[in-house]
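# Understanding the architecture of this molecule
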Amino acid sequence: RARPAGSPDRRAGVRCRATAAGPRVDNDVVVPGADHASLPKNFEHGDTEERLYQWWEEHGCFQPDPNASGEPFCIAMPPPNVTGALHMGHAMFVTLQDIMARVARMRGRPTLWLPGSDHAGIATQLVVERSLEAEGLTREGIGREAFEERTWAWKEEYGGRIAGQIRRLGASCDWTRERFTLDDGLSEAVLECFMKLHDDGLIYKGTYMVNWAPKLQTAVSDLEVEYADEPGTLYYFKYPVAPIDETSDESLFLEVATSRPETILGDTAVAVNPNDERFQHLIGRECLVPFTNPPRRVPIIGDEYVDVDFGTGALKVTPGHDPNDYDIGKRVGLPTINIMNKDGTMNNLCGTYENLDRFVCRETLWKDMEETGLAIKTEPYNTRVPRSQRGGEIIEPLVSEQWFVKMDSMAAPALAASESGELTIVPTRFEKIYRGWLTDIRDWCISRQLWWGHRIPVYYVHKDAAALAAARLGAGKGSSSAYVVARDEEEAYAKARDTHGAAFGDGLVLYQEEDVLDTWFSSGLWPFSTLGWPKDDAADLDKFFPTTVMETGHDILFFWVARMAMLSYGMTGKLPFKTVFLHGLVRDEKGRKMSKSLGNVVDPLNVIEDQGCDALRFTLATGTAAGQDLNLNMDRLPPD
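Treat the numbers as computed from the prediction; the structure is a model and nothing was measured.

## Section: a nonpolar patch on the surface
Nonpolar side chains collect at one region of the surface, where Ile 99, Val 103 and Met 106 lie side by side and expose about 260 Å² of accessible area between them. Among the structural elements, Ile 99 can be located in helix α2 (residues 88–106).

Right, here's the structure in full:
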C-alpha cells in the first residue's frame with residue numbers, strides 16, 4: 001500500500017521519546033539501509049548492550065528532562081557497599097527500579113533515579129586491614145591518619161567497580177548525581193543531624209549491654225546479629241551453697257546447667273523460681289562462685305523469669321555477659337562484672353584463666369570441674385548462637401560504654417504514618433512487621449569502634465595535655481565527663497571555652513571521640529541528604545523531595561526503611577517517600593540462600609555475558625511477586 005505523502009517512512013530507524021505533550025520523534029538517527037540489509041541476522045547482545053548504554057549515558061538520556069511538566073518522580077537507589085561485587089540482589093533491585101524510572105520518563109514526568117554507594121564501615125575496614133596484614137602491618141602500628149589515607153586510596157582504586165557493574169545491568173540512573181556516604185555534602189548532613197539530635201536531648205552516652213564482635217573489636221547493632229540453632233553442649237555442675245556460718249559442716253549445692261561454663265566467673269547470683277518448692281528454703285542464702293580466690297559469695301534469689309521445667313530449675317545469673325541476665329540484674333539490683341577483654345580473652349578478674357580465649361577457657365574450666373568433683377554431666381544441646389553478619393564470628397554480649405539515640409519519640413511519627421495510610425508498604429503484610437518493630441523499639445547504639453567512617457563530632461575537654469595523656473593511658477580513649485559537640489575543632493574550642501572555660505582555664509585541650517557512627521546512621525539520611533539537605537537552596541531537594549518510592553529488599557525493612565522514616569521526620573518534618581515497595585530475596589533453585597560455602601552463587605555478569613542483560617532482567621521481573629523470594633532456576637532464562 002502506498003505511503004501517504006508527508007508521513008514518516010516506517011522502515012527508517014527512528015527514535016521516540018515520551019513527553020508531556022505526547023511522543024516526540026527524532027529523525028536524525030542513522031538509517032542502516034532502506035531494507036535493513038546491513039543488520040545482522042541475529043541480535044548479538046554482546047555487540048549491542050554496552051554500546052547503546054554508553055550512547056544513552058553520554059547523551060544525557062538518564063537525567064531529568066528540564067522540559068517535562070508532569071509530577072516529579074524520584075527513587076533514591078539503595079546504596080550498595082563500596083566493597084561490593086554484583087550479586088543477584090543488585091540485579092533484582094536494578095531491574096525493578098529501572099522499570100519504574102523508564103515508565104515515569106515515558107509518561108512525561110521529570111524523573112530522577114539517583115545512584116550512589118555506601119562507605120560500608122566494617123566491610124571496608126576489614127578489606128584494608130587484610131591488605132595491611134599481608135604487608136606485615138597493623139592499623140594500630142601505622143596510626144589512624146595513615147590508615148584513613150590507605151582506605152581512601154583503596155576506595156579510589158576499587159570503589160568504582162560496583163557502579164560499573166550496575167551500568168552493565170542497564171540501570172538508567174543519573175550518574176552525574178552519583179553520591180557517596182562519605183562525600184563532603186553527605187558528611188555535612190551527618191554533622192547537622194547529629195548536632196540536632198544531641199541538642200534535642202536524643203543522643204546520650206551510656207553503659208549498656210551491647211553485641212560485641214571480638215575479632216572486629218566493635219559493637220554491632222541487634223539488627224546486624226543473625227541467630228541460628230547450632231549443636232552445642234549443656235554442662236551440668238554443682239554450685240556450692242555457702243555454709244550458714246563458719247562452724248557449720250553442711251555440704252549443700254545447687255545443680256545448675258549452662259551452655260557457657262566460662263561465664264561462671266562473672267556470676268553475681270543464682271536464681272530459682274520463688275514458686276518452686278524444691279528451692280524455696282534456699283532463697284536468701286548464698287553460693288560460692290567456683291575457682292574464685294578468695295571464694296566470691298553471690299545471693300540465691302527468687303525470680304519468676306526462671307523456668308522450673310528447663311534444665312535443673314536453677315539459673316546462674318551473669319549480668320555482664322547475657323542480655324536476659326542483664327535485665328534480671330537491673331530489675332533486682334545485682335552488680336555487673338565484665339570478665340572479658342575486648343578481644344574475647346579472659347581478663348584479670350579471672351585468676352588462672354586470665355588471657356585464655358573464651359572458648360579455650362570453657363574447655364579448661366570444665367576439665368577443672370571434673371577434677372574437683374563439681375562436674376555432674378554433659379549432654380548434647382541445640383542452642384541459638386548469635387553471629388555477626390560481617391565475618392560470622394560468635395557475638396559476645398558484654399556491657400560497654402557507647403553512644404545511643406533515644407528512639408521512642410522518633411518512632412512515633414513513623415508509626416503514625418503507616419497507621420494513617422500516609423505511608424504505603426507493598427505488599428501490605430509487611431505493615432504489621434514494620435509497626436511491630438516501631439512499637440517495641442529499643443534505643444539505637446550508634447557508636448562503632450572503627451576508624452573508617454564518620455567520626456563522632458564530640459570533643460572531650462581536659463584541663464591540659466597531661467590530663468589528656470592520663471585519660472589515654474592503657475585502654476583509655478581520651479574521654480572526659482566534660483565535652484562539647486561541634487562541626488570542627490575551631491568551633492569546638494570556642495564552645496569549650498564558653499561552656500567550660502571557668503572550670504578548666506585558658507589552657508584546656510580537646511580530644512575528639514575516637515569512635516565512628518554506625519553506617520546506618522548516614523544511610524538513614526539518604527533520601528534527602530543526596531538531594532542537598534541541609535542546604536536551604538538545594539534545587540533537587542525542592543523539586544524531588546519527598547521522593548516517590550523506596551524500592552528495596554524486605555530483609556532491611558528494619559535496618560534501613562524505618563530509620564529513614566524516623567530520621568526524615570526528625571530532620572525535615574516530612575515522610576521521605578510515599579510508597580515502600582519490597583522485593584524478595586533471590587535464592588537458588590532449591591530455595592537456599594546463595595552463599596560461597598554452598599557453592600550456589602550465580603554471578604549476574606556471567607549470565608549477562610552468556611545470555612544478555614535483557615534475558616536476566618526479564619526472568620527476574622516476571623519470576624516473582626512483590627515481597628516473595630525468588631528461587632532462581634537458570635533453565636528458566638530465555639535461550640540465547
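## What to know about the pattern of salt bridges
Oppositely charged side chains can pair when the atoms bearing their charge come close. Inspection of the entire model under this criterion finds 40 salt bridges. A salt bridge links Glu 396 to Arg 260; the shortest N-O distance between them is 2.5 Å. A residue pair is termed long-range when its members are at least 10 positions apart, and Glu 396 in strand β16 (residues 396–405) and Arg 260 in the loop between β10 (253–258) and β11 (269–272) qualify at 136 residues. With relative accessibility at 3%, the residue Glu 396 sits in the buried group. Put simply, Glu 431 and Arg 435 hold a salt bridge, and the shortest N to O gap is 3.3 Å. Separated by 4 residues within a single helix, Glu 431 and Arg 435 lie in helix α11 (residues 430–439), roughly one turn from each other. Taking relative accessible area as the criterion, Arg 435 reaches 27% and is therefore assigned partly exposed. Each of Lys 205, Glu 401, Lys 477, Glu 513 and Asp 515 takes part in one network of salt bridges that share partners.

## Concerning the pairing of strand β25 (residues 577–583)
Relative to β25, strand β17 (residues 424–426) runs parallel, the two sharing 3 bridges. Of the residues in β25, the one forming a bridge with Thr 424 is Thr 579. Of the strand pairs in this sheet, strand β24 (residues 547–553) and β25 are connected by 6 bridges, and their pairing is parallel. The partner of Val 549 across the bridge, within β25, is Thr 579. As a crossover connection, the stretch from β24 through helix α17 (residues 557–572) into β25 is right-handed.

## Observations regarding the sheet that holds strand β15 (residues 375–388)
As summarised here, the arrangement of the 3 strands in space is β10-β9-β15, forming an open sheet in which the pairing is antiparallel. Single-partner strands in this sheet number two, and they are β10 and β15. Put simply, the sheet's adjacent strands are angled 20 degrees from each other on average, direction ignored. Sheet analysis places strand β9 (residues 225–240) next to β15, joined by 13 bridges and oriented antiparallel. Residue pairing across strands places Asp 229 opposite Arg 384, the latter belonging to β15. Where helix α9 (residues 358–372) meets the sheet, it contacts β9 and β15, and its direction lies at approximately 165 degrees from that of β15.

## A short note on the nonpolar core
Ranked by size, the top nonpolar core spans 64 residues in total, and within it Phe 194, Leu 197, Tyr 434, Leu 438, Ile 446, Phe 521 and Met 566 carry the most contacts. Looking at this core, the element that brings in the most residues is α17, giving 11 residues. If we skip the residues at most four places from it in the chain, Ile 446 touches Phe 194, Ile 203, Trp 403, Phe 404, Val 405, Val 516, Leu 517, Asp 518 and Phe 521. With 33 residues, the next largest nonpolar core counts Tyr 53, Leu 86, Val 94 and Leu 616 among its residues.

## A few points about the packing of aromatic side chains
Within this structure, the stated rule accounts for 20 aromatic pairs. Here Tyr 53 and Phe 62 contribute two aromatic rings whose centre-to-centre distance is 5.2 Å and whose plane-to-plane angle is 50 degrees, an arrangement assigned as tilted. Phe 62 shares its class with Tyr 53; the two are buried. Arranged with centres 5.9 Å apart and planes meeting at 65 degrees, the rings of Phe 528 and Phe 545 form a pair that is edge-to-face.

## Observations regarding the pairing of β16
Consecutive side chains of a regular strand alternate in pointing toward one face of the sheet and then the other. Within β16, 9 of the 10 residues are buried, which leaves the element mostly enclosed by the surrounding structure. Relative to β16, strand β7 (residues 203–213) runs antiparallel, the two sharing 10 bridges. Bridge pairing in β16 places Val 210 opposite Leu 398. Relative to strand β18 (residues 444–445), β16 is paired through 2 bridges, and the arrangement is antiparallel. Following the sheet pairing, Phe 404 is matched in β18 by Cys 445.

## What to know about the packing of α11 against α17
Between α11 and α17, the least distance of the axes is 11 Å, while the angle of their chain directions is 70 degrees. Regarding the angle of α11 to α17, the classification is roughly perpendicular. Contacts between α11 and α17 involve Phe 430, Ile 433, Tyr 434, Trp 437 and Leu 438 on the former and, on the latter, Leu 557, Phe 558, Ala 562, Arg 563, Ala 565 and Met 566.

## Examining the sheet that holds β24
Within a beta sheet, neighbouring strands are joined by backbone hydrogen bonds and run either parallel or antiparallel to one another. The 3 strands are arranged β17-β25-β24 in an open sheet whose pairing can be described as parallel. Edge strands, defined here as strands with exactly one partner in the open sheet, are β17 and β24. Strand-to-strand, the axes of this sheet are offset by a mean angle of 20 degrees, without reference to chain direction. Relative to the sheet, α2 contacts β24 and β25, its axis offset from that of β25 by approximately 135 degrees. The strands touched by α17 are β24 and β25; relative to β24, the strand with the most contacts, the crossing angle is about 165 degrees.

## Re the side chain of Arg 358
When you line up the elements, Arg 358 lands in helix α9. Among all residues touching Arg 358, those that are not within four sequence positions of it are Pro 214, Glu 262, Met 340, Gly 344, Thr 345, Met 346, Ile 394, Ile 395 and Glu 396.

## Topic: the environment of Pro 457
Tracing the chain through its elements places Pro 457 in the loop between β19 (447–448) and β20 (458–462). Pro 457 gets classed as buried once you look at its relative accessible area, which sits at 3%. The spacing of Pro 457 and Pro 78 is 379 residues in sequence and 26 Å in space, taken between C-alpha atoms. Excluding its chain neighbours within four sequence positions, the residues that come into contact with Pro 457 are Leu 191, Phe 194, Val 484, Val 485, Ala 486 and Gln 512.

## Observations regarding unusual backbone geometry
Here the bond from Val 426 into Pro 427 is cis, since omega is 0 degrees, no more than 30 degrees from zero. Tracing the backbone shows Pro 427 in the loop between β17 and α11. Cis geometry is found at the peptide bond from Phe 545 to Pro 546, where omega equals 0 degrees. By the secondary structure assignment, Pro 546 is in the loop between α16 (539–544) and β24. At Asn 355, a residue that is not glycine, the phi angle is positive and equals roughly 75 degrees. Mapped onto the elements of the fold, Asn 355 is located in the loop between α8 (323–332) and α9.

## Quick notes on the state of the cysteines
Inspection of every chain in the model, using the stated rule, returns 0 disulfides. Not engaged in a disulfide, the cysteine Cys 287 finds its nearest cysteine sulfur in Cys 350; these two sulfurs lie 19 Å apart. Of all cysteine sulfurs, the one in Cys 350 lies closest to Cys 361, which takes part in no disulfide; the gap is 6.3 Å.

## Considering α2
Think of an α-helix as turning once every 3.6 residues; residues three or four places apart then point the same way. For α2, with 19 residues, the first-to-last C-alpha span of 27 Å sits near the 27 Å given by 1.5 Å per residue. Positioned one or two residues after α2, Gly 108 has a phi angle of 85 degrees, which is positive.

## Digging into the side chain of His 321
For His 321, the position within the fold is in the loop between β14 (314–317) and α8. Not counting chain neighbours up to four residues away, the residues in contact with His 321 comprise Met 209, Arg 260, Thr 263, Ile 337, Asn 338, Ile 339, Met 340, Glu 396, Pro 397 and Leu 398.

Thresholds applied
Residues numbered from 1 in each chain as written. Predicted model: local features only at pLDDT ≥ 70, side-chain atom pairs only at ≥ 80, totals over all residues. Heavy atoms only, no water. Patch = residues over 30% accessible without salt bridge, like charges linked within 9 Å, V, L, I, M, F, W, Y side chains within 5 Å. Areas by Shrake-Rupley, 256 points an atom, 1.4 Å probe, with all protein chains shown as cover. Salt bridge = Lys/Arg side-chain N within 4 Å of Asp/Glu carboxyl O. Helix = DSSP H or I, 4+ residues; strand = E, 2+ residues; numbered from the N terminus. Buried < 20%, exposed > 50% of the residue type's maximum accessible area, 1.4 Å probe, protein only. Pairing = 2+ DSSP bridges. Right-handed = clockwise from strand over helix to strand, strands pointing away. Axes fitted to C-alpha atoms, helices over the stretch in contact; angles between N-to-C directions. Contact = heavy atoms within 4.5 Å. Core = buried A, V, L, I, M, F, W, Y, C linked by side-chain atoms within 4.5 Å. Phe/Tyr/Trp six-rings, centres within 6.5 Å; stacked < 30°, edge-to-face > 60°. Parallel < 35°, antiparallel > 145°, perpendicular 65-115°, else oblique. Disulfide = S-S within 2.5 Å. Expected span 1.5 Å × (residues − 1).

The values are spatial; any link to function lies outside them.
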